[in-house]
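This is what each chain is made of:
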Amino acid sequence: MAVVHPTLNFCGGAEVVCLSLIKALQDRGDFVSLYTIDRPNWALIRRGFHDVTVPHQVFYLFTDVPWAGFTTLRGFFSVLFYAMHFLTLKLGKRYDVLVGTCGELLDSVGDIVYVNAVPLRLMHLYPELSVERAAQWSCYSQLYNLLLREGVDRLGRPLVLTNSKFNRDILRRHLGRGAIVVYPPVNVRRFQRLAKVKRRKNIVVTVSRIRPGKNLEVVPRVARRVRDAHFLIIGSGGPGFRRLASRLEALSRRLGVQDRVKLLINQPFTTLFHALSGAKV
């Protein structure tokens, strides 16, 4: 069994899906090989997710990604090498089952793919899903869709899973693909005791990966209107997150809310839990 994912070091929702799948497969006795672009930083991953199941084998292309400081290059090469990984494994036929947990980058190769978001090949149809350099990525999206449609799509029709009815309808409408909705895994037991907390403060917590396209600029703008609350943005930041963090801090200063908006990036899970336990929103 082979699982293919671009990188686990972003520590976001897609990575939770990938790690949970690995755990589920190994719990049932499967031998799992993981393929990524860069070497997983297990210390960082455990820090963010606490309980992590490491696959039996890990294969990666780079120890450290050389273009990590360049957002556009990183995105471009992530797509390129993820597709290359997948195509090599598909054509090599080394594994009984080939699973991709980033179907938004490649939805037409493998035996099973899980789509976490609107596919890159369709992003030009949804300009409201703002990302950094949106016009540039719109061009990439159209070219990528053409490349997949004329070549890669012919390699097979995998079983497609996705995380919402919203994405299922998009896949059906634009790609003619049926998809099964499998909601992302959430360890609710970790959070059940939060419901018992009685005393909470005027704190608003936003949990998000620190990256362009998440619209985190909304938080300081809301803070300017809601003057009797503090705001925390908590999440993981992969390579290049400091540029966005600097922009958020500059926006907070410009709006005069820098004393009430705080970023907590790549913190242990306990920090998130304590923040949620004391927040009203």
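Everything numeric in this text was worked out from a predicted model, so none of it was measured.

Draft legend 1. How the structure looks around the nonpolar core. Core analysis: the biggest nonpolar cluster contains 32 residues, and V4, Y82, F86, L106, L120 and Y144 have the highest contact counts within it. For this core, the secondary-structure elements that each account for two or more residues are β1 (2–4), β2 (33–38), α3 (71–92), β5 (112–115), α4 (134–150) and α5 (165–175). Looking at which element gives the most residues to this core, the answer is α3, with 6 residues. Counting residues in each nonpolar core, the second largest holds 18 residues, with I210, F241, L251 and V261 among its members.

Draft legend 2. View of the sheet that holds strand β4 (residues 98–100). Within the open sheet, the 7 strands sit side by side as β3-β2-β1-β4-β5-β6-β7. Their pairing is parallel. What marks the edges here is a single partner per strand, and that holds for β3 (57–62) and β7 (180–181). Pairing of β4 with β5, which is carried by 2 bridges, proceeds in the parallel orientation. Counterpart to G100 in the pairing with β5 is V113. With respect to the sheet, α5 is in contact with β5, β6 (159–162) and β7, its orientation differing from that of β6 by roughly 140 degrees.

Draft legend 3. Inspection of the environment of D27 at higher detail. As for its placement among the helices and strands, D27 is situated in helix α1 (residues 13–27). When the C-alpha atoms of D27 and T53 are compared, they prove to be 9.6 Å apart, with 26 residues separating the residues in sequence.

Draft legend 4. Seen up close, the pairing of strand β10 (residues 261–265). Of all 5 residues in β10, 4 are buried, a share of seventy percent or more. As judged from the 5 bridges shared by strand β9 (residues 230–235) and β10, these two strands associate in the parallel manner. If you follow I234 over to β10, its bridge partner there is L264.

Draft legend 5. A look at the sheet that holds β9. Pairing is parallel in the open sheet, where 3 strands are placed in the order β8-β9-β10. The outermost strands of the open sheet, each flanked by one partner alone, are β8 (203–207) and β10. Strand-to-strand twist across the sheet, computed as the mean angle between neighbouring axes with direction ignored, equals 20 degrees. Against the sheet, helix α7 (residues 218–225) engages β8, β9 and β10, with an angle of about 170 degrees to β9. Where helix α9 (residues 269–278) meets the sheet, it contacts β8, β9 and β10, and its direction lies at approximately 140 degrees from that of β8.

Draft legend 6. View of a nonpolar patch on the surface. There is a patch of nonpolar side chains on the surface, built from L159, I180 and V182 and spanning about 230 Å² of accessible area. When you line up the elements, V182 lands in the loop between β7 and α6 (188–191). Its relative accessible area of 35% is what places V182 among the partly exposed residues.

Draft legend 7. A look at the packing of aromatic side chains. What the rule picks out here adds up to 7 aromatic pairs. Note on Y35 and F59: the rings are 4.9 Å apart at their centroids and 20 degrees apart in plane angle, and the pair reads as stacked. In this pair, Y35 sits in strand β2 while F59 sits in strand β3, placing the two residues 24 residues apart along the sequence. With a relative accessible area of 6%, Y35 lands in the buried category. On the basis of relative accessible area, F59 is assigned to the partly exposed category, the value being 30%. Judged by centre distance (5.6 Å) and plane angle (80 degrees), the rings of Y82 and F86 are edge-to-face. Of this pair, Y82 and F86 both sit in helix α3, separated by 4 residues, roughly a single helical turn. No difference in accessibility class separates Y82 from F86, as the two residues are buried.

Criteria and thresholds
- Residues numbered from 1 in each chain as written.
- Predicted model: local features only at pLDDT ≥ 70, side-chain atom pairs only at ≥ 80, totals over all residues.
- Heavy atoms only, no water.
- Core = buried A, V, L, I, M, F, W, Y, C linked by side-chain atoms within 4.5 Å.
- Buried < 20%, exposed > 50% of the residue type's maximum accessible area, 1.4 Å probe, protein only.
- Helix = DSSP H or I, 4+ residues; strand = E, 2+ residues; numbered from the N terminus.
- Pairing = 2+ DSSP bridges.
- Contact = heavy atoms within 4.5 Å.
- Axes fitted to C-alpha atoms, helices over the stretch in contact; angles between N-to-C directions.
- Patch = residues over 30% accessible without salt bridge, like charges linked within 9 Å, V, L, I, M, F, W, Y side chains within 5 Å.
- Areas by Shrake-Rupley, 256 points an atom, 1.4 Å probe, with all protein chains shown as cover.
- Salt bridge = Lys/Arg side-chain N within 4 Å of Asp/Glu carboxyl O.
- Phe/Tyr/Trp six-rings, centres within 6.5 Å; stacked < 30°, edge-to-face > 60°.

By themselves, these figures tell us nothing about what the structure is for.
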